[in-house]
Amino acid sequence: MKISNLILFTATCIGLSACSSPEDQASIVAEKVCTAIKHATFKKAREYVLPSYSFWDAGMSEKERNQIDCTVTNISKKDAETFRVEFKGFFPFQVKEMNGEFKVKGLGEAKY
């Protein structure tokens, strides 16, 4: 009985994660980058940023990073692959879907 419950639980989790919307995926990636910047784990943030874009990781003091609020307040969609994710207390990010992966394309003033 325990194994069958585990299998059912696992299948449910996989099913739910597969059903998340592109907006949800863009939000998750943007929030991961914002959180990594807040905690100064820039190496972690780079995993979610397109390599073709420069990534700033200097110039913010610990005090400034502590004031970052990565609560997502708005997600807008420019086209099928481009999203703008806005935060309560940080710059918006532009997130792009490419080959099923979501990556932050622009930091700061993320304009389309």
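Source: prediction; values computed, not measured.

(A) Up close: the pattern of salt bridges. Enumeration over the complete set of coordinates arrives at three salt bridges. Of the charged contacts, one joins Lys 77 and Glu 23 as a salt bridge, the two residues approaching to 3.8 Å between their closest N and O atoms. Here Lys 77, found in strand 1 (residues 69–79), pairs with Glu 23, found in helix 2 (residues 22–38); they are 54 residues apart in sequence, far enough to count as distant. The closest approach of N and O atoms between Glu 47 and Lys 44, which form a salt bridge, is 3.5 Å.

(B) Molecular detail of the packing of aromatic side chains. Going through the model one piece at a time under the given rule, you end up with four aromatic pairs. Through a chain of ring-to-ring contacts, the aromatic side chains of Phe 87, Phe 90, Phe 91 and Phe 93 assemble into a single cluster.

(C) Summary view of the state of the cysteines. With the rule as written, the count across this model stands at one disulfide. Here Cys 34 connects covalently by a disulfide to Cys 70, the sulfurs 2.1 Å from one another. Linking Cys 34 and Cys 70, the disulfide has an S-S dihedral of approximately -85° and is accordingly described as left-handed. Residue Cys 34 is located in helix 2, and its partner Cys 70 is located in strand 1; the two are separated by 36 residues in the primary sequence. Since its relative accessible area comes to 9%, Cys 70 is described here as buried.

(D) Up close: the sheet that holds strand 4 (residues 101–106). Ordered in space as 1-2-3-4, the four strands form an open sheet in which the pairing is antiparallel. On the outer flanks of this sheet lie strand 1 and strand 4, each paired with one strand and no other. The sheet shows a mean angle of 30° between the axes of neighbouring strands, taken without regard to direction. Examined bridge by bridge, strand 3 (residues 93–98) and strand 4 share five bridges and lie antiparallel to one another. From the neighbouring strand, Glu 97 faces strand 4, where its bridge partner is Phe 102. Across the sheet, helix 2 is in contact with strand 1, strand 2 (82–89), strand 3 and strand 4; its angle to strand 2 comes to roughly 45°.

What counts and how
Residues numbered from 1 in each chain as written. Predicted model: local features only at pLDDT ≥ 70, side-chain atom pairs only at ≥ 80, totals over all residues. Heavy atoms only, no water. Salt bridge = Lys/Arg side-chain N within 4 Å of Asp/Glu carboxyl O. Helix = DSSP H or I, 4+ residues; strand = E, 2+ residues; numbered from the N terminus. Phe/Tyr/Trp six-rings, centres within 6.5 Å; stacked < 30°, edge-to-face > 60°. Disulfide = S-S within 2.5 Å. Buried < 20%, exposed > 50% of the residue type's maximum accessible area, 1.4 Å probe, protein only. Pairing = 2+ DSSP bridges. Axes fitted to C-alpha atoms, helices over the stretch in contact; angles between N-to-C directions. Contact = heavy atoms within 4.5 Å.

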